[in-house]
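Observations on the three-dimensional arrangement
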Amino acid sequence: MTEKHEARARLETELQTARRKVAELEALLARTADAGKVSEAEARFFAVLGNSIIALALVDLSDGGVLFANHPAQVLTGYHGSELCAMKLWELVEPRERGTLFQRLAAKTAGEPNPTTSHVYTIRKKDGSELIVEAQGVVVPYGGASALLVILNDVDEKELLRRQLREAQKMAAIGTMAAGIAHDFNNIIYGVILGAETVQRDLSPGQSAWPYLEQIRQSGRRAAQLIRQLLSFSRRGNAEAEALLLKPLIQEALSMMRATLPATVAMKARLCTADLMVLTEPTLIQQILVNLCTNAAQAMQETGGEIRLTLEAVDLDASALEAWPGLGPGEYARLTVADNGPGMTPEVRARIFDPFFTTKPPGRGTGLGLSVVRGIMDQLQGAISVESRPGRGAVFTALIPLAPLHAPKPGQDGPPPGPPRGDEHILVVDDEEIIRSVVKEVLGSLGYTVTTAADAMEAMDLLRADPGAFDLVICDQTMPGLTGSALLGQLKNLRSDLPVILCTGHSDILDFERAKALGACDFMMKPLEGRELAERVARCLRGGF
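Now for a look at the structure at hand. (Residues numbered from 1 in each chain as written. Predicted model: local features only at pLDDT ≥ 70, side-chain atom pairs only at ≥ 80, totals over all residues. Heavy atoms only, no water.)

A negative phi angle characterises most non-glycine residues, just as the trans form characterises most peptide bonds. Of note, the bond from Lys526 into Pro527 is cis; its omega dihedral lies within 30 degrees of zero at 0°. With respect to the helices and strands, Pro527 occurs in the loop between β17 (522-525) and α15 (530-541). The phi torsion at Gln381 lies on the positive side, around 60°, for a residue other than glycine. Tracing the backbone shows Gln381 in the loop between α10 (369-379) and β11 (383-388). (Helix = DSSP H or I, 4+ residues; strand = E, 2+ residues; numbered from the N terminus.)

On to the pattern of salt bridges. Tallied over the full model, the rule gives 21 salt bridges. Between Glu197 and Arg217 there is a salt bridge, with the nearest N and O atoms lying 3.4 Å from each other. Of this pair, Glu197 sits in helix α5 (residues 156-201) while Arg217 sits in helix α6 (residues 210-233); the two residues are 20 residues apart in sequence, bridging distant segments of the chain. The buried category is assigned to Glu197, whose relative accessible area is 15%. For the salt bridge of Glu312 with Arg334, the shortest nitrogen-to-oxygen distance reads 3.0 Å. Taken together, the positions of Glu312 in strand β9 (residues 305-316) and Arg334 in strand β10 (residues 330-339) put the pair 22 residues apart, joining distant regions of the chain. A relative accessible area of 28% means that Glu312 is categorised as partly exposed. Among the ionic contacts, a cluster of salt bridges with common partners joins Glu94, Arg96, Arg124 and Glu130. (Salt bridge = Lys/Arg side-chain N within 4 Å of Asp/Glu carboxyl O. Buried < 20%, exposed > 50% of the residue type's maximum accessible area, 1.4 Å probe, protein only.)

Counted at 1.5 Å a residue, the expected span for helix α4 (residues 98-109) with its twelve residues is 16 Å, and the 16 Å between its end C-alpha atoms agrees. Leu101, Leu105 and Lys108 are the residues of α4 that are buried. All buried residues of α4 lie within an arc of 55° about the axis, which places them on one face of the element. Looking at the buried positions of α4, the neighbouring elements they touch are β3 (119-124), β4 (130-142) and β5 (145-154). Directly after α4, the chain includes Gly111, whose backbone phi takes a positive value near 100°. (Expected span 1.5 Å × (residues − 1). Arc of directions from axis to C-beta. Contact = heavy atoms within 4.5 Å.)

A separate point is the sheet that holds β4. Strand-to-strand pairing in sheets goes through backbone hydrogen bonds, with the strands running parallel or antiparallel. A sheet is described by the order of its strands in space; here five strands give the open sequence β2-β1-β5-β4-β3, paired in antiparallel fashion. Looking at strand neighbours, the two that pair on one side only are β2 (66-69) and β3, the edges of this open sheet. Between one strand axis and the next, the sheet turns through 35° on average, direction left out of account. By the bridge criterion, three bridges tie strand β1 (residues 55-60) to β2 in an arrangement that is antiparallel. Counted as the bridge partner of Val59 is Val66 from β2. (Pairing = 2+ DSSP bridges. Axes fitted to C-alpha atoms, helices over the stretch in contact; angles between N-to-C directions.)

What follows concerns helix α13 (residues 484-494). For α13, the full list of buried residues reads Gly484, Leu487, Leu488 and Leu491. Along the long axis of α13, the arc covered by the buried residues comes to 110°, so they all point the same way. Looking at the buried positions of α13, the neighbouring elements they touch are β13 (425-429), α12 (456-465), β15 (472-476), β16 (500-504) and α14 (512-518).

Turning our attention to the sheet that holds strand β14 (residues 449-453). What the five strands build is an open sheet, ordered β14-β13-β15-β16-β17; its pairing is parallel. Edge strands, defined here as strands with exactly one partner in the open sheet, are β14 and β17. Averaged over all neighbouring strand pairs, the angle between strand axes comes to 20°, with direction disregarded. Relative to β14, β13 runs parallel, the two sharing five bridges. In the strand pairing of β14, Leu427 is matched with Thr451.

Take the packing of α12 against α13 next. Contact geometry of α12 with α13 gives a least axis separation of 11 Å together with a crossing angle of 5°. When the axes of α12 and α13 are compared, the pair comes out roughly parallel. In contact with Ala456, Ala459, Met460, Leu463 and Arg464 of α12, α13 contributes Leu487, Gln490, Leu491 and Leu494. Classifying every residue of the contact of α12 with α13 by side-chain character gives seven nonpolar, one polar and one charged. (Parallel < 35°, antiparallel > 145°, perpendicular 65-115°, else oblique. Nonpolar A, V, L, I, M, F, W, Y, C, P; charged D, E, K, R; others polar.)

Most of β10 sits inside the fold, with seven of its ten residues counted as buried. Pairing of β9 with β10 involves ten bridges; the strand directions are antiparallel. What sits directly across from Val314, in β10, is Tyr332. Pairing geometry for β10 and strand β12 (residues 394-401), over eight bridges, is antiparallel. Opposite Arg334, over in β12, you have Leu399 as the bridge partner.

This brings us to the packing of aromatic side chains. Under the definition given, this model contains one aromatic pair. Between the aromatic rings of Trp90 and Phe102, the centroid separation amounts to 5.2 Å while the plane-to-plane angle is 75°, which identifies the pairing as edge-to-face. Highlighted residues: Trp90 in the loop between α3 (81-84) and α4 and Phe102 in helix α4, separated in sequence by twelve residues. (Phe/Tyr/Trp six-rings, centres within 6.5 Å; stacked < 30°, edge-to-face > 60°.)

In the contact formed by helix α11 (residues 433-445) and α15, the axes pass within 11 Å of each other and the chain directions differ by 70°. As far as their axial angle goes, α15 and α11 are roughly perpendicular. Every pair of crossing elements has a handedness; the one defined by α11 and α15 is right-handed. Each of Val439, Val442 and Leu443 in α11 lies in contact with α15, whose residues at this interface are Gly530, Leu533 and Val537. Residues of the contact of α11 with α15, tallied by class, amount to five nonpolar, one polar and no charged. (Left-handed = near helix turned anticlockwise from the far one by under 90°.)

Written out as structure tokens, the structure reads:
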């Protein structure tokens, strides 16, 4: 019996062992089947990614490594798939934007819900060029864990348009601001310039105060030019080109530029002795020089260096202009601005005049300066080019067509004659007390009788009391109550033969042609200098307009 019990016990043990092995085998077979299913699912997943026309990449959320990148992603970045899979996601992103990327990856790892919005990044392609992409990350299960499926979209052109819109809005805001302050600012400058002239009239050039008063007048002119330049940026200005000597404009611009250059950047200028006349507006030449010199100084900001400016007259024939398409044979002013900075690569040089293109970091440049220069050169019917190589600095060369040089009239070699005088009675209407005061002083010193009025109502009361009392009215356009153009209509109703000069510091709705159509004999933009004011008053009184 004992032997039977022992045999039965051994049999039960062997059966239990067999059942256990069967169970283990069944479990193993189940796991193998599941693995096959997972492998099959992964294969379908990667097949979808690989055949997509959208740039897609799979990123390991635990360490940011790229697990897979399809063909469009490889084309977008310039890297082969094996190269991308050896990189971390952030290695593609510009360093200045990696902090933002790290924050978003951390949020994904912490379980942030999948987004409905995308983010814009600047990536560095294999060839070193920058590309703006729109990226959206979606968390997906992968290998028993989670991965980030990154969808990439090339929005370089779209983002460029966005940036252009933002910059255009900035420039429009500058123009709106300038237009808003132009009238009051020019009124202030008008009073400063005429006030300085009035004091100078009682002094001789040898007296100690004379140069300081002259500097006040020069500063007033520059301030007025600054307002015109700001208005020009937003196309609110009405400046007209005129024949001007180029060298004085350059010398004045250089005197301003030298004060703004860093101490580590020197400037040398070599200007020809000949008088070169060009058809331009003064602020355009200043914009060219300011932008070119600023660009050179910024390129040498860290290392220091030298800006070399030259001006010369050249007579170019068709063969010499082969490298300058669009220009015809003739005489030109050749303006060259050279620096010994780090220079440019061919890729940068090819785009240097493109609007909004900049190699500077955010906040350091708008990419507008050199495109503005090219626009001005087109306006002047000239051209500009650049030569540069890495480590060899840059040379910008501008060709500006020369205008005929006006010869001085016989008998005008000496000092110019004094401003014209008169004995007529003039009514000055302006809401600014300083303007009324200095205009009365300037015209009074020339023999005129001057009466002032602070607004249109006071002027009308004076005219109604004695319609024939005045020979000329000088009226500001922007006044409280009634504008100058509205006052002009009422004055003409009282006396149709009364000459009226309209003037303003700035107006978007009134210019010379519009003022003439309303019946004005002249339209003057403040600020003016005393001589110009006297000459225009005399012409109106003599019927010269």
